[in-house]
Amino acid sequence: MSTVRRLVHPNPSRILRTQDRPLSCPLTTEIGLTNYSRQAETVRLDSIEPTECLSYLTAESVSWIDIQGLGREDLLQELGDVLNLHPQLLEDIANVPQRPRFEDYDDQLLMICRMVKANDEANGFDRQQVSLVLGANYVLVIQEALDYDSCFNKVGERIRRNKGTMRKQGADYLLYCLLDVIISGFFPVLEDYGERLEELENEVVRDPCRHTLERIYQMKRELLMLRRSIWPQRDAIDRLMREESPLICNEVRVNLRDCYNHAVQAIDMVETYREIASSLMEVYLSSMSKRMNENIRFLTVFSTIFLPLTFIVGIYGMNFEFMPELKWKWGYPVLWLIMLSITGCLLFYFYRKGWLVQAQSDK
Amino acid sequence: MSTVRRLVHPNPSRILRTQDRPLSCPLTTEIGLTNYSRQAETVRLDSIEPTECLSYLTAESVSWIDIQGLGREDLLQELGDVLNLHPQLLEDIANVPQRPRFEDYDDQLLMICRMVKANDEANGFDRQQVSLVLGANYVLVIQEALDYDSCFNKVGERIRRNKGTMRKQGADYLLYCLLDVIISGFFPVLEDYGERLEELENEVVRDPCRHTLERIYQMKRELLMLRRSIWPQRDAIDRLMREESPLICNEVRVNLRDCYNHAVQAIDMVETYREIASSLMEVYLSSMSKRMNENIRFLTVFSTIFLPLTFIVGIYGMNFEFMPELKWKWGYPVLWLIMLSITGCLLFYFYRKGWLVQAQSDK
Amino acid sequence: MSTVRRLVHPNPSRILRTQDRPLSCPLTTEIGLTNYSRQAETVRLDSIEPTECLSYLTAESVSWIDIQGLGREDLLQELGDVLNLHPQLLEDIANVPQRPRFEDYDDQLLMICRMVKANDEANGFDRQQVSLVLGANYVLVIQEALDYDSCFNKVGERIRRNKGTMRKQGADYLLYCLLDVIISGFFPVLEDYGERLEELENEVVRDPCRHTLERIYQMKRELLMLRRSIWPQRDAIDRLMREESPLICNEVRVNLRDCYNHAVQAIDMVETYREIASSLMEVYLSSMSKRMNENIRFLTVFSTIFLPLTFIVGIYGMNFEFMPELKWKWGYPVLWLIMLSITGCLLFYFYRKGWLVQAQSDK
Amino acid sequence: MSTVRRLVHPNPSRILRTQDRPLSCPLTTEIGLTNYSRQAETVRLDSIEPTECLSYLTAESVSWIDIQGLGREDLLQELGDVLNLHPQLLEDIANVPQRPRFEDYDDQLLMICRMVKANDEANGFDRQQVSLVLGANYVLVIQEALDYDSCFNKVGERIRRNKGTMRKQGADYLLYCLLDVIISGFFPVLEDYGERLEELENEVVRDPCRHTLERIYQMKRELLMLRRSIWPQRDAIDRLMREESPLICNEVRVNLRDCYNHAVQAIDMVETYREIASSLMEVYLSSMSKRMNENIRFLTVFSTIFLPLTFIVGIYGMNFEFMPELKWKWGYPVLWLIMLSITGCLLFYFYRKGWLVQAQSDK
Amino acid sequence: MSTVRRLVHPNPSRILRTQDRPLSCPLTTEIGLTNYSRQAETVRLDSIEPTECLSYLTAESVSWIDIQGLGREDLLQELGDVLNLHPQLLEDIANVPQRPRFEDYDDQLLMICRMVKANDEANGFDRQQVSLVLGANYVLVIQEALDYDSCFNKVGERIRRNKGTMRKQGADYLLYCLLDVIISGFFPVLEDYGERLEELENEVVRDPCRHTLERIYQMKRELLMLRRSIWPQRDAIDRLMREESPLICNEVRVNLRDCYNHAVQAIDMVETYREIASSLMEVYLSSMSKRMNENIRFLTVFSTIFLPLTFIVGIYGMNFEFMPELKWKWGYPVLWLIMLSITGCLLFYFYRKGWLVQAQSDK
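Residues numbered from 1 in each chain as written. Chains lettered and ligands numbered in written order. Predicted model: local features only at pLDDT ≥ 70, side-chain atom pairs only at ≥ 80, totals over all residues. Heavy atoms only, no water.

The name given to chain A in an unreviewed UniProt entry is Magnesium transport protein CorA, with the source organism recorded as Chamaesiphon polymorphus CCALA 037. Under the heading Function (unreviewed entry), UniProt records this for chain A: "Mediates influx of magnesium ions." Its UniProt record, at the heading Sequence similarities (unreviewed entry), says of chain A: "Belongs to the CorA metal ion transporter (MIT) (TC 1.A.35) family." (UniProt positions renumbered as here; feature names shortened; annotations may be inferred.)

(A) Up close: unusual backbone geometry. Residue and element names in this part refer to chain B. Following Val96, the chain continues to Pro97 via a peptide bond in cis, the omega torsion being -5°. A positive phi angle, near 50°, is found at Ser47, a position not held by glycine. Looking at the secondary structure, you find Ser47 in the loop between strand 2 (43-45) and strand 3 (62-68). (Helix = DSSP H or I, 4+ residues; strand = E, 2+ residues; numbered from the N terminus.)

(B) Summary view of the UniProt feature "transmembrane region" (unreviewed entry) in chain A. Residue and element names in this part refer to chain A. Within this numbering scheme, the UniProt entry marks residues 298-318 and 330-351 as carrying the feature "transmembrane region" (unreviewed entry). Measuring from the first to the last C-alpha atom of residues 298-318 gives 31 Å, for a span that is 86% helix and 0% strand. Taken end to end, residues 330-351 has its terminal C-alpha atoms 31 Å apart, with 95% of it in helix and 0% in strand.

(C) Highlighting the relation of the copies chain A and chain E. Of the transformation placing chain A onto chain E, the axial shift is 0.0 Å and the rotation is 72°, giving an RMSD of 0.1 Å. Seen this way, the second copy is the image of the first under a five-fold rotation axis. Among all residues of chain A, the minimum C-alpha distance to the rotation axis is found for A:Gly317, at 4.7 Å. Taken together, the interface assignments show that only 16% of the residues at the interface of chain A recur at the interface of chain E, consistent with different surfaces on the two copies. (Least-squares fit on C-alpha atoms with pLDDT ≥ 70 in both. Contact = heavy atoms within 4.5 Å.)

(D) Structural detail: the interface of chain C and chain D. Each side of the interface is counted separately: chain C has 65 residues, and chain D has 64 residues. The tally of links from chain C across to chain D stands at 7 salt bridges. Here C:Arg99 ties to D:Asp268 by a salt bridge, and the two come within 3.3 Å at their closest N and O atoms. The interface formed by chain C and chain D includes 15 residue pairs in polar contact (both at pLDDT 80 or more). Elements with a contribution of two residues or more to the side of chain C that touches chain D: helix 2 (87-94), strand 4 (101-105), helix 6 (212-242), helix 7 (250-315), helix 8 (324-327), helix 9 (331-353) and helix 10 (355-361) of chain C. The greatest single-element share of the side of chain C that touches chain D, amounting to 17 residues, is contributed by helix 7 of chain C. (Salt bridge = Lys/Arg side-chain N within 4 Å of Asp/Glu carboxyl O. Polar contact = N/O pair within 3.5 Å; in protein donor to acceptor, adjacent residues only side chain to side chain.)

(E) Spatial organisation of a negative patch on the surface. All names here are of chain D. A surface patch of negative charge is lined by Glu49, Glu52, Glu78 and Asp81. With respect to the element layout, Glu52 can be found in the loop between strand 2 (43-45) and strand 3 (62-68). A residue is classified by how much of its surface remains accessible, and Glu52, at 36% relative accessible area, is partly exposed. (Patch = residues over 30% accessible without salt bridge, like charges linked within 9 Å, V, L, I, M, F, W, Y side chains within 5 Å. Areas by Shrake-Rupley, 256 points an atom, 1.4 Å probe, with all protein chains shown as cover. Lys, Arg positive; Asp, Glu negative; His and termini not counted. Charge placed at Lys NZ, Arg CZ, Asp CG, Glu CD. Buried < 20%, exposed > 50% of the residue type's maximum accessible area, 1.4 Å probe, protein only.)

(F) The interface of chain A and chain E, seen in detail. Each partner contributes to the interface: chain A provides 64 residues, whereas chain E provides 65 residues. At the boundary of chain A with chain E, total buried surface from both sides reaches about 6,100 Å², with 59% on carbon and sulfur atoms. Sorting the residues of chain A by area buried against chain E places A:Phe311, A:Phe320 and A:Phe322 first, and these three jointly supply 11% of that buried surface. Taken together, chain A and chain E are joined by 7 salt bridges. One salt bridge in this structure joins E:Arg274 and A:Glu275, with 3.4 Å as the shortest N-O distance. Listing elements by their share of the side of chain A that touches chain E, those giving two or more residues are helix 4 (171-184), helix 5 (186-206), helix 7 (250-315), helix 8 (324-327), helix 9 (331-353) and helix 10 (355-361) of chain A. Ranked by residues supplied to the side of chain A that touches chain E, first place goes to helix 7 of chain A with 37 residues. Looking at the side of chain A that touches chain E, its residues break down into 27 nonpolar, 20 polar and 17 charged. (Buried area = accessible area lost by both parts, 1.4 Å probe. Nonpolar A, V, L, I, M, F, W, Y, C, P; charged D, E, K, R; others polar.)

(G) Spotlight on the sheet that holds strand 4 (residues 101-105) of chain E. Residues and elements named next belong to chain E. The 7 strands lie next to each other as 2-1-3-7-6-5-4, forming an open sheet whose pairing is mixed. One side of each edge strand has no neighbouring strand; the edge strands of this open sheet are strand 2 (43-45) and strand 4. With direction set aside, neighbouring strand axes in the sheet form an average angle of 15°. The pairing of strand 1 (residues 30-36) with strand 3 (residues 62-68) spans 7 bridges and is classified as antiparallel. Counterpart to Leu33 in the pairing with strand 3 is Ile65. Each of strand 4, strand 5 (108-119) and strand 6 (124-134) is contacted by helix 6 (residues 212-242), which is oriented at about 150° to strand 5, the strand it contacts most. (Pairing = 2+ DSSP bridges. Axes fitted to C-alpha atoms, helices over the stretch in contact; angles between N-to-C directions.)

(H) Quick peek at the packing of helix 7 (residues 250-315) of chain E against helix 9 (residues 331-353) of chain E. All names here are of chain E. Close contact between helix 7 and helix 9 brings their axes to 10 Å; oriented N to C, the two are set at 160°. One way to sum up the angle between helix 7 and helix 9 is to call them roughly antiparallel. The crossing of helix 7 and helix 9 is right-handed. Where helix 7 approaches helix 9, its residues Val301, Thr304, Ile305, Pro308, Leu309, Ile312 and Val313 are matched on the opposing element by Leu335, Met339, Ile342, Thr343, Leu346, Leu347 and Phe350. In the contact of helix 7 with helix 9, the residues fall into 12 nonpolar, 2 polar and no charged. (Parallel < 35°, antiparallel > 145°, perpendicular 65-115°, else oblique. Left-handed = near helix turned anticlockwise from the far one by under 90°.)

(I) Layout of the relation of the copies chain C and chain D. If you rotate chain C by 72° and push it 0.0 Å along the axis, it lands on chain D with an RMSD of 0.1 Å. When the interface residues of chain C are mapped onto chain D, a mere 15% of them again lie at the interface, so each copy presents a different face.

(J) Spatial organisation of the pairing of strand 4 of chain E. Residue and element names in this part refer to chain E. For strand 4, the tally of buried residues reaches 5 of 5 residues, placing the bulk of the element in the interior. Neither face of strand 4 is left uncovered, since the one carrying Arg101, Glu103 and Tyr105 and the one carrying Phe102 and Asp104 both have all their residues buried. Summarising the sheet, strand 4 and strand 5 pair through 5 bridges and their orientation is antiparallel. Note on strand 5: the bridge partner recorded for Phe102 is Met111.

(K) Inspection of a nonpolar patch on the surface at higher detail. Judged by side-chain polarity, A:Trp330, A:Val334 and A:Ile338 come together as a nonpolar surface patch covering roughly 320 Å² of accessible area. Mapped onto the fold, A:Ile338 is located in helix 9.

(L) Structural view of the confidence of the model for chain A. Residue and element names in this part refer to chain A. Here chain A averages 82 in pLDDT, and 90% of its residues register 70 or above. The model gives residues 1-24 a pLDDT under 50, and that stretch makes 77 contacts with residues more than four places away or in other chains. Throughout residues 359-363 the model reports pLDDT below 50, and contacts reaching past four residues in sequence, or to other chains, amount to 8 contacts. Quick note on the complex model: pTM equals 0.81, ipTM equals 0.74. (pLDDT = per-residue confidence, 0-100.)

(M) How the structure looks around the side chain of E:Glu243. All names here are of chain E. Summarising the element assignment, Glu243 is placed in the loop between helix 6 and helix 7. One buried charge, Glu243, has no salt-bridge partner; the nearest side chain with opposite charge is Arg239, at 4.0 Å. Apart from the residues within four sequence positions on either side, Glu243 is in contact with Phe102, Asp104 and Arg253.

(N) Region of interest: the pattern of salt bridges. Enumeration according to the criterion identifies 100 salt bridges over all chains in this entry. Where E:Arg196 meets E:Glu222, a salt bridge forms, and the shortest distance between an N and an O atom there is 3.5 Å. Highlighted residues: E:Arg196 in helix 5 (residues 186-206) and E:Glu222 in helix 6, separated in sequence by 26 residues. A relative accessible area of 18% places E:Arg196 in the buried class. By relative accessible area, which is 2% here, E:Glu222 ends up buried. The structure contains a network of salt bridges with shared partners spanning A:Asp92, A:Arg101, A:Glu103, B:Arg257 and B:Asp258.

(O) Seen up close, the packing of helix 4 (residues 171-184) of chain D against helix 6 (residues 212-242) of chain D. Residue and element names in this part refer to chain D. Packing of helix 4 against helix 6 brings their axes to within 12 Å, and their N-to-C directions diverge by 160°. The pairing of helix 4 with helix 6 is recorded here as roughly antiparallel in orientation. Considering only the axes of helix 4 and helix 6, their crossing is left-handed. Of the residues in helix 6, those in contact with Leu175, Leu179, Ile182 and Ile183 of helix 4 are Ile230, Gln233, Ile237 and Leu240. A breakdown of the residues in the contact of helix 4 with helix 6 according to their chemical character gives 7 nonpolar, 1 polar and no charged.

Next comes the structure, spelled out in structure tokens:
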């Protein structure tokens with residue numbers, strides 16, 4: 001009987017129009033296995049059945065079972081029986097999205113993570129849930145989506161080439177390596193956001209256009225999502241580090257501390273970017289206000305000069321019979337002189353007020 | 001003597017114009033009972049007297065007593081005597097609204113919860129207080145309102161159909177299932193808010209109308225209420241989980257941890273929505289400011305072009321006797337040329353400033 | 001020798017123009033006593049001398065000594081000698097205002113509270129300091145002001161009528177009852193604020209007038225004061241509850257937990273109201289901005305229509321000798337047609353921009 | 001060899017234009033001594049040499065050594081040798097400004113405090129560092145500046161007049177008295193700020209002038225400084241209170257709790273004032289916005305009335321030969337009627353919109 | 001085999017346009033050594049090979065090994081072998097930037113710090129990572145950049161001149177001295193910011209120009225970076241202080257407490273500056289709003305005066321045949337009187353409203 005219950009939690013990321021969704025949510029489930037030990041040849045199997053894993057689960061070697069796609073519940077259930085997984089653990093794995101966290105099921109340790117990947121076309125990032133289960137001699141990795149270009153490939157490569165101390169260590173070290181790859185994956189995404197922030201800064205200060213506001217808002221919301229992904233991960237690593245489980249040796253604990261520090265560094269960057277984005281919003285508002293001021297000043301200068309002039313020419317457009325000025329020979333030129341001097345005075349006044357200069361420099 | 005004292009606490013939700021009130025606050029009290037065990041047939045009784053429960057309260061079976069409506073204090077008091085409830089516990093149950101919390105009365109554990117339900121007509125959510133009392137072999141559920149379409153029905157259904165491990169477990173597992181249903185009930189409501197936020201976003205960025213502001217404010221206030229409902233619930237579940245009461249077995253504690261994680265996830269979503277709503281308010285303010293700027297620019301461009309023209313035609317409307325220009329044959333057409341060139345220069349100036357384009361594109 | 005030193009602390013509430021001050025700060029001190037036990041008749045004495053209390057302070061009965069007014073230090077000092085109060089305790093009692101808090105003086109427990117009472121005339125609330133001292137068989141209640149309509153009267157009434165379990169319990173239960181009455185007193189005041197907030201909401205959204213801003217500000221400041229009163233009280237009750245003093249029995253501790261929960265609920269409400277008031281300020285600012293926009297739009301529409309028209313009529317007011325149009329027979333009606341069509345075009349343009357509609361609907 | 005190293009820390013208060021600096025930073029160092037005991041006469045010595053203290057440092061009496069001015073390092077060093085002070089302690093004392101804090105050097109306890117004093121001329125407050133060192137039978141008080149009108153004089157007076165229990169107690173009680181005087185010194189300053197806030201409130205709501213903004217900003221900054229002075233002091237007293245040093249007896253610990261409560265009360269007031277000042281800034285911004293709105297409305301009403309009128313008189317200023325209206329006998333009076341009715345309609349329209357009233361009432 | 005893996009973390013400071021970068025990121029690695037003891041001569045070696053250190057690492061003397069530049073991994077690796085450093089420690093040192101923190105590797109203690117230095121030309125500050133490793137008899141200092149003018153030179157000078165108690169103490173005291181120099185280095189930078197803030201204040205209040213906004217924003221962002229540097233350093237020192245490692249003696253712990261206090265003081269100043277900068281942004285926004293108001297008022301006063309005048313002269317420019325006023329002999333002078341009185345009335349009205357004065361005083 002299947003105990004894998006699929007909760008229909010709403011997808012909190014649906015309100016996002018950015019492309020921070022898994023690459024593809026397949027209806028299949030692909031199981032792969034990498035088995036290695038200090039002496040023996042590294043074995044790599046693709047698209048296997050759950051039961052095929054059994055023969056590799058020995059105390060002498062480390063098995064890395066990777067699952068891509070959550071489409072076939074029966075396979076997950078079967079694997080759960082093979083690996084003797086706790087029903088609750090199986091439920092946690094099968095239902096996405098879950099909040100990143102750490103759970104200790106005595107025989108297995110479960111880390112639920114969020115993996116991000118910069119997506120240059122969409123100008124955002126892809127995001128998928130990755131669950132890591134650490135058992136006695138194996139690590140089970142469950143990815144939400146099919147992801148042939150996964151950043152886990154680098155770890156696989158390292159095992160195959162027997163690079164570093166990889167093969168000499170146990171399953172806990174493999175877990176650390178995978179976690180480290182996940183956390184390190186946040187930095188290129190953050191790098192992207194750093195560059196976009198810098199562009200936005202220039203845009204706001206130099207040349208705010210009608211889409212600047214939307215871009216700042218979009219930036220703020222995406223950083224909020226990024227923060228929601230990385231923040232609980234830090235707590236999870238912290239708890240994993242402090243867990244007094246026999247599954248993790250002290251050596252690896254030192255490594256996990258490093259991983260934890262990277263998570264803290266990523267959080268630091270997200271928070272800094274968020275504060276900068278908030279400041280940018282303020283600067284944008286201020287610069288809008290400054291522009292409006294300049295527009296109004298322009299209107300004021302123009303109106304203030306032409307209002308008295310128009311009044312004056314209106315006077316001599318009147319049809320009174322007894323207006324001596326109209327008869328004077330020099331009336332017209334004298335009036336021009338008066339109007340020019342009024343304009344001159346006003347311009348001088350505005351110049352001293354500094355309005356003329358600033359109205360000019362607004363381009 | 002009745003010790004059920006009804007405090008007349010003000011209703012904090014009265015200032016809400018949204019429909020987050022109980023469906024109906026009845027003056028009656030309906031008591032139902034569901035009794036099940038591993039072997040025996042499941043019994044379901046409706047509208048019973050408190051004393052009828054007594055015969056079902058055996059160590060071999062689990063009784064689920066559900067009360068809808070707090071109208072009749074005498075029935076509550078009687079049931080309190082039957083189940084031997086602590087007077088303070090009875091008082092907590094009978095008085096609404098209480099803050100969600102957990103209380104340990106040694107023989108009974110009390111969870112006061114807030115249950116929400118999306119209400120599409122009112123574009124809001126219904127809210128009611130649900131108290132769960134866990135005794136030795138029973139769970140007592142007290143709902144503030146008559147609610148025939150309660151989400152607890154699903155749990156009842158599961159018991160009746162003997163689905164899952166429900167019947168094999170004790171009263172503590174029933175408590176977990178009910179709590180899980182309550183917490184899960186927050187997600188559809190949050191889903192609704194996510195969609196409304198997305199609509200608001202489009203509205204603010206594309207086409208802010210006169211009601212946009214009110215809608216953002218309304219949204220912020222309802223999220224505040226939602227947060228007030230879910231936040232203390234998390235603490236209550238946490239305390240329930242850690243309580244060293246013999247009434248809860250370790251198996252169920254693992255399940256409760258899952259329930260706790262869902263509550264944290266719901267809080268996460270509420271907080272994210274609240275931050276997005278705050279940002280939206282800022283964006284709305286900015287876009288108001290941008291619009292005002294465009295209006296002022298429009299006025300400025302128009303005024304600046306017509307002010308000098310009106311002045312010029314005013315000049316030649318003057319009645320001076322000695323104005324040579326008026327006598328020139330080509331005076332009138334030349335003046336038109338002058339005015340057209342002034343207009344042209346100004347338009348070119350505004351075009352280079354970029355005002356013309358933006359004033360145009362504002363539609 | 002008197003050790004009652006009167007500190008001249010500045011009165012932090014002086015900057016408040018609201019009527020949150022004691023009803024009257026009398027120069028007298030009135031001492032009353034209520035003595036009750038399970039069997040004997042309840043005794044009530046008014047305006048007694050401190051020494052008269054002595055005969056009632058027996059282990060078999062509970063004495064409730066109440067003091068109103070801090071005017072006569074000598075009486076306080078005398079009572080301190082009679083009850084054997086700690087000098088520091090006496091000093092804390094005699095000096096107002098003190099921050100609400102709990103102090104343990106081994107033989108006596110001191111709770112300093114802030115009692116509020118809605119004041120409908122002043123549209124605010126009265127506030128006074130109440131100190132509760134729990135001794136072996138007595139509770140000493142010191143009110144800052146004469147307050148004949150005190151909410152403690154209800155507790156006195158309950159004792160006299162022998163209602164509930166009042167008389168069967170000790171002095172610690174009396175302390176709980178008085179505390180409960182003080183905390184419950186916050187709810188009607190909060191209820192008032194809830195209603196005023198709702199009115200303000202309508203005002204801001206529908207019809208913000210020149211006093212709306214002041215009212216929101218006033219509201220925010222009063223809620224700040226209310227929060228300052230209730231917040232430390234919660235901590236004080238929490239500490240009282242956890243204090244391992246033999247003066248409080250376990251039964252009463254359960255009751256105090258209830259009292260603590262009410263305080264938390266009151267804080268919750270104050271915080272919610274404060275957040276709503278802050279949002280209201282933002283909405284007010286936005287609606288001011290919206291109105292300004294509409295005014296400017298109105299001006300723009302009007303100016304933009306009349307500026308070209310005035311220019312055109314200015315042209316034909318010129319006195320050039322050679323202006324063929326002036327001689328045409330249909331010149332004048334044709335000009336009217338031209339002006340009407342210009343007006344029509346502009347109106348159509350504004351209509352499509354949506355300015356006309358919104359300018360209209362602003363009433 | 002001198003170990004008194006003088007660090008050249010930047011002075012964080014330099015950016016303050018307020019007079020919150022020491023009265024005078026002298027280049028001298030004045031040492032005084034007050035010696036008292038239960039029986040003997042109180043001795044007061046001024047301007048003594050460090051070595052002169054030695055004879056008074058007996059177990060039977062309490063010595064209060066006070067230093068004003070940090071000008072002469074050699075004297076400080078000498079005194080350090082006489083009293084056997086820890087080199088680090090000496091360094092902490094000699095370097096200003098230090099953050100208020102508590103340090104335990106086993107044989108001596110060090111409290112670094114910030115003493116404030118209202119300065120009415122400067123409309124701000126003076127601030128100086130005071131270090132208190134509690135030794136076996138002495139308290140060493142180091143003031144940064146010469147301050148003949150110090151608030152410590154009151155304590156000296158109390159000792160001389162043998163008022164209260166002063167002389168019967170040890171050096172720890174003297175330390176408490178001095179600390180109490182320092183903390184109490186914050187209240188008159190806060191009182192001043194409370195009054196200035198109230199004035200600002202009236203100014204903002206009634207009649208905001210061009211300096212209101214600067215005043216609010218100044219107020220906010222000074223409160224920030226005040227908060228920076230009092231906040232760490234609370235922690236220092238808390239740590240002093242909890243320190244398990246034999247230098248402080250339990251009796252005095254009870255007194256220190258009182259002192260701690262005063263510090264908390266002062267912090268409460270500062271925080272409240274800061275929140276009120278922030279609200280005032282918002283209200284000021286809103287009232288600026290309101291005023292601008294009224295100005296624009298005034299301009300709109302005026303323009304909207306005169307624009308059509310000016311257009312109409314422009315029409316009949318045209319020189320068309322065939323304008324029948326010009327020939328009509330009643331043309332001129334009828335035009336006046338038309339113009340008056342247009343004005344009337346517009347005024348009625350504005351009146352119904354409510355613009356007329358508000359524009360009027362703005363004075 | 002090299003275990004020094006170089007992670008390619010993005011550089012979070014890239015978005016900064018300020019010059020807060022290392023002076024030069026060299027491709028070389030320079031190793032220096034200073035060896036001193038109580039009796040022997042101080043030895044100073046420059047540009048040595050890692051193995052040359054070996055002979056100086058004796059229990060009788062303290063070795064200070066300083067590395068500038070991280071260019072040559074092989075040298076770092078070699079030194080790691082010589083000093084027997086933990087591989088993870090070596091990795092932390094070699095990869096920049098790391099978050100400031102403390103790590104305990106049993107045989108070595110690692111402090112990662114951020115050192116800042118005012119850079120007057122760039123109007124900002126230089127920043128580089130410094131790692132301090134405390135071993136049994138040595139301190140290893142790794143600076144990211146070549147820095148011949150390092151502030152560590154002062155410490156070297158003190159050792160050479162045998163000033164203070166430097167030579168009599170162990171490696172832990174050297175670590176304290178270096179930490180103290182790093183923390184003290186923050187104060188001159190903060191001093192600079194204090195002065196720039198003061199200038200900005202004057203600018204905002206007196207004469208906000210078009211670059212003021214950018215300057216405030218820049219200031220806020222740099223303070224954010226400064227805060228990110230100093231904040232984790234405080235935690236690191238705190239953890240170092242509390243670490244129960246035999247490598248640090250109690251004497252030095254007292255000194256570290258002083259260092260910790262300086263870090264807290266620096267944080268205090270950064271936070272204060274940040275709050276002031278935020279207030280400045282608000283003041284700037286308000287002053288923009290005030291200016292706009294004054295511009296609009298100016299326009300309103302001018303328009304309101306000339307609109308009716310222009311209308312009046314328009315009236316008498318009409319060509320009606322029957323306009324009796326035109327024929328009156330005193331028509332023209334009377335009209336002048338009327339116009340002057342209208343102007344007078346309006347000016348008086350504006351004067352009483354206070355608009356005239358404020359519009360005047362805006363310069």
